[in-house]
Structures are given as structure tokens and as C-alpha cells.
Amino acid sequence: MDGSESDDLDHLFSETVRETMDGSVYGAWRSIRDADAVPLSFGFPYPESFPNGELVSAAESLFEYEGDRALQYGGGEYADALPAVIVERARDRGIDCTTSQVHLTNGATNAIDTACQTFLDRGDTVFVEAPTFMGALRLFRNYGVDIEDCEMDENGLDVEALAADLAAREEAGDPLPKLLYTIPNFHNPTGVTLPEGRRERLLELAETYDFLVLEDDPYGQLRYDGTEPPPIRALDGTGRAIRINTFSKTVAPGVRTGWIIAEEPFVEQFDRINAGGEPSYTRGLIARYAEEGRLDRAIEELCAGYRERRDRMMESLADRMPPGTTWSEPDGGFFVWVEFPEGVDAEGMLPDAIDEGVTYLPGSFFYAGDNGTRHARLSFSHVPPAAIDEGIAALATAVRAEVPAIGAGD
Ligand SMILES: Cc1ncc(COP(=O)(O)O)c(C=O)c1O
């Protein structure tokens, strides 16, 4: 069947697909690559961080212990044990929960999608940080909701600007949000972290204006400096905070195992709506792997590896970037948010930057509306430290070429 015949069947797509099909495919940004360019675009873990050997031993012992049950529908005892592992680890971070408040998913992406399916109707309003994780933006778009930007500053979501916006909407009779999506720790793409006071204020606003807070925290345990503020879910006394997490960054993305912690009536609906989305084999594998403190030791090693990369990127930016460039200084996670000098269009500059030998993601990818043209997300997570230097050197050359007034000096 050629393309023209398949076009004739477009009317069979759902209304939602017809409305959104011109948007790019989730993950299309991964195509920003060039064999010769340093991929600072990829928010991927560095490959040497994957616990291949440990996962092989965990798989062997899982099969020895459980036999066929490891691969049967629902999995065996280890699969059953993972919610308890999650609860214990959540308690260590101040979240008081039980296994009946945990729903397992196929990664954080499937968790966000499950929350969307459970809570959103077409025409609802969803508030997002501007900028935000583009994967989440694409999921929200699939639900026909209005996506509204919330202002951020160097401490994350600007909760007083949010309070003013909510009050103005209420006064004007404009729609209020059903849900606010936030990445409070080492935000993707900006790298910033929301302080405890702002978390509390956000929960107050959620109660006053009757909305849910979707807390997505894939990076919280990858902290290289400072101390962790309590998770939003830990501060919540109203049941409005729904917490999403994943093993993608602490074990590996390929295990596709994430979870949601929420009130039990919500979890009952997640179990129903996302039937079939729960992993069974990999949840058994992770439960086996996490025994005897292995996951905690792995996280310590990951933090050492990422800290070195973060430090290298900070030094390299300071040494090489031309005047007028600024960047965030993350205490953890994978990302640095760069603002280029006046006159630079980050999307327009990308082909030249790739020719110079570096890839990044233009800031505009991370906004629901038109914004972020002078910004880029750089990821220090994926490449070795020496490659970070090469990538930043190439970026500095591209910026200088874009704004000749800066000059070619150091
Ligand atoms: C904020 C955020 N949420 C979710 C995800 C996706 O996680 P997962 O691989 O578990 O679907 C990412 C990964 O890039 C992310 O940065």
C-alpha cells in the first residue's frame, strides 16, 4: 500500500489523532544527531552506568528462584515485592504511604499518560511550568486540553505569580486548572529545584483553587550538592499531590518501570484505566536487583559519575562561552539551561553548531507557546567528561559566529 492509499483511510483516525497528527512524533528530538557531533542534546544516562552484569545475575537468580512464574502474567513473588520496595524507599524520603497507594507503570511517561487518562477531559485546563519536559507537553496535547504556561525563575515555579494568575482567572471567570504538572527537582530542562516554602505554597493554592498537583521526580535522587527539600507528596495533607517516579535514571531507561504514589481511590482507578501497562518481569527483576542495598550503592556511584560531568560542564562553560551567555547551575539531575547573547536564535543556529561538532536541544522545544528562542538545553549526562569540553568549545565557536560583534577572542 503506498502513501496515497493510506491517506484515504485518515478519516478512520480518532478526532484526537486527526487534530494532533501534524505534531512531531514523541522522541523525534532524538534525531538531532550527527555521528561527528558531541550529543549534548541527549538526556540519556551514560552507557557505562548501566548495571548490565548485576542485571544478568539478578535475572539468573530470579529464574532459579521463581521458574516460570517470573514470566507469567503478573509475575512471581519478586514482582509482588516491588511495591513494598518502593514504599520503603519513599518513606526514606518522608513520604508516608502503603503498597495500596502505589500503581506501577511502564516508566514515568506511561505514568503521566495514566494520570491524563484518569483526570483529564477535552477542554480542561492544565498548567505547566514554562519551560517544561517536552514529552509531557506532547502527552497533554493528546488529550485536547488547554495548556497554560506558568512562570519560572531560578528557584523553579514562581508560586506568587501563579497565585496572582489564579486570582485573576477567578475574578474574570476564566478557566481554572484541573491539574498542574511540575518537575520540582533538577527540572527538565532548566536544572533548577523548587524550595520547600514554594512547595507548601503550591499545595495551599491547589486546595484553594481545587486542582491536582502532578509531581514528576525522575532526578531527585541524583543530587550532587546540598540537601533535598521534602517531596511535594510528603508535604501534602489533602491528597491532591500525585507523585510520579521511574527507575529510568537510577537503573536504566530500558527497564521501562515507573510508578505513581497517590491516594488509594485514585490508585484503584489507575489500576483499572492502565490495565496492561504494569510491567511484571522487569518489576521482579528490579526487586531482585535492589536487594542487599545494591540500588543505593548504584545511586552513589551514579552521583559520582554525574557530579564529575556536571562540574566539567560548569567549568567548560565558564572558560569558553562568550560574554552575554548565562546558564543555570544545577545541584543534580542531567541538565543545564543556557541563555545565549542577544541576537542568537538557538533553533536557527543548530545546523551550524552541528557543523562545528555539537548538538543541543533548542529552548523552543520546551514551551507550549512561542518562547525560548535564545535558550538551549545542554545535557551533561550522556557523554564522557572530555567530550563535554569538546562540545562546549564547538558551541562557543558557533555562538561567536552567530554574533560577530562578540569577537573571536576568549
Ligand atoms: C521530567 C521527566 N519525566 C519523565 C521522563 C521519562 O521517563 P521514563 O523513561 O521513565 O518514561 C523524563 C525523561 O527524560 C523526564 O525528564
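Since we're looking at a predicted model, the values are computed, not measured. (Residues numbered from 1 in each chain as written. Predicted model: local features only at pLDDT ≥ 70, side-chain atom pairs only at ≥ 80, totals over all residues. Heavy atoms only, no water.)

Focus on the nonpolar core
Core analysis: the biggest nonpolar cluster contains 68 residues, and Phe247, Met313, Phe340, Tyr360 and Leu378 have the highest contact counts within it. Examining the composition of this core, we find that 9 residues originate from one element, helix α12 (residues 294-320), more than from any other. Formed jointly, this core draws a minimum of three residues from each of two domains, domain 1 (3-50 + 299-406) and domain 2 (52-294). When sequence neighbours within four positions are dropped, the list of residues in contact with Met313 reads Leu40, Val336, Leu378, Ser379, Phe380, Ile388 and Ile392. Within the second largest apolar cluster, 28 residues are counted, among which are Ala108, Phe119, Leu120 and Ala136. (Core = buried A, V, L, I, M, F, W, Y, C linked by side-chain atoms within 4.5 Å. Buried < 20%, exposed > 50% of the residue type's maximum accessible area, 1.4 Å probe, protein only. Helix = DSSP H or I, 4+ residues; strand = E, 2+ residues; numbered from the N terminus. Domains from an automatic or database assignment. Contact = heavy atoms within 4.5 Å.)

So, unusual backbone geometry
A cis geometry characterises the amide bond from Ala130 onward to Pro131, with omega recorded as 5°. With respect to the helices, strands and loops of the structure, Pro131 is situated in the loop between β3 (125-129) and α6 (134-141). Cis rather than trans, the peptide bond between Asn188 and Pro189 has omega equal to 15°. In this structure, Phe186 is a non-glycine residue whose phi angle is positive, near 50°.

Let's talk about the sheet that holds strand β9 (residues 241-246)
Read from one edge to the other, the open sheet built from 7 strands follows the order β2-β10-β9-β8-β7-β3-β4, with strand pairing classed as mixed. Two strands close off the open sheet at either side, each with one partner strand: β2 (102-105) and β4 (146-150). Each strand axis lies, on average, 20° off the axis of its neighbour in the sheet, ignoring direction. Packing of helix α8 (residues 196-209) onto the sheet brings it into contact with β7 (179-182), β8 (212-216) and β9, and relative to β8 it is tilted by some 145°. Across the sheet, helix α10 (residues 264-273) is in contact with β2, β8, β9 and β10 (258-261); its angle to β2 comes to roughly 25°. (Pairing = 2+ DSSP bridges. Axes fitted to C-alpha atoms, helices over the stretch in contact; angles between N-to-C directions.)

Description of the UniProt feature "domain: Aminotransferase class I/classII large" (unreviewed entry) in the chain
When the UniProt feature table is mapped onto this chain, "domain: Aminotransferase class I/classII large" (unreviewed entry) is found at residues 64-395. End C-alpha atoms of residues 64-395 are separated by 51 Å, and the span's content is 42% helix alongside 16% strand. (UniProt positions renumbered as here; feature names shortened; annotations may be inferred.)

Description of the site of the ligand
In the vicinity of the ligand there are 14 residues, among which Ala108, Thr109, Asp216, Tyr219 and Thr246 approach most closely. At 3.2 Å from an oxygen atom of the ligand is found a side-chain nitrogen or oxygen belonging to Lys249. Compared with its free state, where it exposes 400 Å², the ligand has 91% of that area covered by protein. No other element matches the 3 residues that helix α5 (residues 107-119) contributes to the shell around the ligand. (Near = heavy atom within 4 Å. Polar contact = N/O pair within 3.5 Å; in protein donor to acceptor, adjacent residues only side chain to side chain. Areas by Shrake-Rupley, 256 points an atom, 1.4 Å probe, with all protein chains shown as cover.)

A look at the domain arrangement of the chain
When its domains are assigned, the chain resolves into domain 1 (3-50 + 299-406) and domain 2 (52-294). Here domain 1 and domain 2 have C-alpha centroids that lie 24 Å from each other. Between domain 1 and domain 2, the contact holds 34 residues from the first and 34 residues from the second. Carbon and sulfur atoms make up 59% of the surface buried where domain 1 meets domain 2, a total of about 3,100 Å² over both sides. At the boundary of domain 1 with domain 2, the tally comes to 3 salt bridges. We note a salt bridge from Arg122 to Glu19, for which the minimum N-O separation is 2.7 Å. Taken together, the elements giving at least two residues each to the side of domain 1 that touches domain 2 come down to α2 (15-20), α12 and β12 (335-339). The leading source of residues in the side of domain 1 that touches domain 2 is α12, at 6 residues. When its residues are assigned to classes, the side of domain 1 that touches domain 2 shows 20 nonpolar, 8 polar and 6 charged. (Buried area = accessible area lost by both parts, 1.4 Å probe. Salt bridge = Lys/Arg side-chain N within 4 Å of Asp/Glu carboxyl O. Nonpolar A, V, L, I, M, F, W, Y, C, P; charged D, E, K, R; others polar.)

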